[in-house]
Amino acid sequence: MGDPVNERDQVTAALTVAAEEARRYLEDLDTRAVLDPGAEEVVHGWADPMPEDGDGTIVAVRELAARGQQVATRSSGPRFFHFVMGGGTPAGLAGDWLASAFDQVAFAWASSPMAARLEQVATDWLRQLFELPEEFGGVLTSGATMGNFVALAAARNWWAEQRGIDVERAGLSGLPAPPILSSGYIHPSALQAIGMLGLGQDNVERLASDAAGRLDADALEARLVELDGPAIVVANAGEVNSGDFDPIERMADLAAEHGAWLHVDGAFGLFARVAPEARGLAAGAERADSVGADGHKWLNVPYDCGFAFVRDGTMLRESFSASGAYIAPAGGWDPHTHVPEMSRRFRGLAAWCALKSFGREGYRAVVERCVDNAAAFAAWVETTPGLELMNPAPLNIVCFRLTADDLADEEIDRINREAVSAIQADGRAFVTGTTWTGRAAIRAAFDNWRTSAADVELLQDAVMDVRAGLLPAH
Ligand SMILES: Cc1ncc(COP(=O)(O)O)c(C=O)c1O
């Protein structure tokens, strides 16, 4: 390849190849199988030696693109109902590309006034989109796990302050176990955040009234009365298997009455507030002390993007204090004081571009279409013999399973586990396997902006074909 500095002249050629390959990849996203058969085998076979002499820019980019076209999981496509994933909107994708081209470090005003200001503007647009009060401070994160982490860091600091401790300086030792109260709907990422913050996952009390994990609000009230002191309450705006919600309004009432910190994990469910028909599900989030959510889910910006809001913006700003002579404030907003990283990607650009392009009305249409798709699929499950809806689907996730009257539950569990792999192998649609109230189940999440009614029909066809293959005599 010669002297790397000569590759300077390859920038335009590299971007031209990348744009053409990206165009080719996205062109058949609507029609191609989610994962090509044999893709995993090919990927397992990648064991390239570390190059001693590089192949040069264009060879490297072309080879990478060729591999990607063959084996990438088309998770940004409209029939990827696995996990809870969006796809990049055109403006979100272009914004993300420009974030790499501009290569701003969204660390502080000093490193890039543009990155700091646009992140501030984009976060405030998000606050307005969700109709959260003006006093809320916000920041972008890598996802909802870190959104929960950032928000719960503020909760932790508040809780320790009630006991006269500056936890960032003094640490948690010497403090009692913090009471953290939630329902059985709490997401693993919130537990992960609680663990990382030193709050102790074992201190989380899941106050559930049934096997699904629905909140026992009376038990929450009784526990808050018993504690008679500061506690952290985590409300779940959207349970990942069923899309069901905790009663946030009731939890907000109880938190207010007993002086508790209310955190809402709204990774995808916060978007219910964007659509009038679904808004009631997430009512009460505006009364929370903190909220965490995701951009790469329903905002449909490319990975990665999440965000956190904290009602008392000062607490958010003071959650991750770092100072040093060379990182002195430079006259504008410094995102790094709100998050655990210093150097960070310019995520605000994709978020800003996506919001600028669709606006409130556009996102309302996106959310409404997804909710309608989920409702249509759930109604189809309910009325199709041989299928069972495991839980009402209030928003965008449908939890269901294949059934047969004459088979034992254990056998049906086994068949459903096989069905998930069979649907994925079929390639028309991707779904996730899960367990719901102790039984194997399948879940489909609807939050991709391009999913149409025709895509939902393809999912239905795939489910019925797989059922016919696994249960031919039923
Ligand atoms: C309710 C909830 N919270 C948090 C997360 C974690 O989000 P992320 O993967 O963006 O960190 C998810 C992911 O599905 C979720 O559904």
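Residues numbered from 1 in each chain as written. Predicted model: local features only at pLDDT ≥ 70, side-chain atom pairs only at ≥ 80, totals over all residues.

How should the domain arrangement of the chain be read in this particular structure?
Often, the extent of an interface is quoted as the loss of accessible area on bringing the components together. Looking at the assigned domains, one finds that the chain contains domain 1 (4-73), domain 2 (94-357) and domain 3 (359-470). Of note, the centres of domain 2 and domain 3, computed from C-alpha atoms alone, are 30 Å apart. Listed per partner, the contact involves 21 residues of domain 2 and 22 residues of domain 3. For the side of domain 2 that touches domain 3, the per-class residue count stands at twelve nonpolar, six polar and three charged. (Domains from an automatic or database assignment. Contact = placed C-beta atoms within 7 Å. Nonpolar A, V, L, I, M, F, W, Y, C, P; charged D, E, K, R; others polar.)

Got a minute to help me understand the pairing of strand S6 (residues 290-294) in this structure?
Within a regular beta strand, the side chains point alternately toward one face of the sheet and then the other, so they alternate between its two faces. Where burial is concerned, most of S6 is hidden: five out of the five residues are buried. Alternating positions in S6 separate into two faces, Ser290, Gly292 and Asp294 on one and Val291 and Ala293 on the other, with burial throughout. Alignment of strand S5 (residues 261-265) against S6, held across three bridges, turns out to be parallel. The residue bridging histidine 263 from the neighbouring strand is serine 290, located in S6. Bridging between S6 and strand S7 (residues 306-310) involves five bridges; their strand directions are antiparallel. The residue of S7 that forms the bridge with alanine 293 is phenylalanine 307. (Buried ≥ 20, exposed ≤ 12 C-beta atoms within 10 Å, placed from the backbone. Helix = DSSP H or I, 4+ residues; strand = E, 2+ residues; numbered from the N terminus. Pairing = 2+ DSSP bridges.)

Before we go on, may I ask you to explain the nonpolar core in this structure?
Where a protein is soluble and globular, its nonpolar side chains tend to be buried together. Membership of the largest hydrophobic core comes to 132 residues, with the highest contact counts inside it found for Val233, Leu262, Ala351, Val367, Ala374 and Val398. At 17 residues, the largest contribution of residues to this core is made by helix H12 (residues 348-383). Per-domain counts for this core show at least three residues from each of domain 2 (94-357) and domain 3 (359-470). When neighbours within four sequence positions are excluded, valine 398 is seen to be in contact with Ala374, Phe377, Ala378, Val381, Ala393, Arg443 and Ala444. (Core = buried A, V, L, I, M, F, W, Y, C linked by C-beta atoms within 7 Å.)

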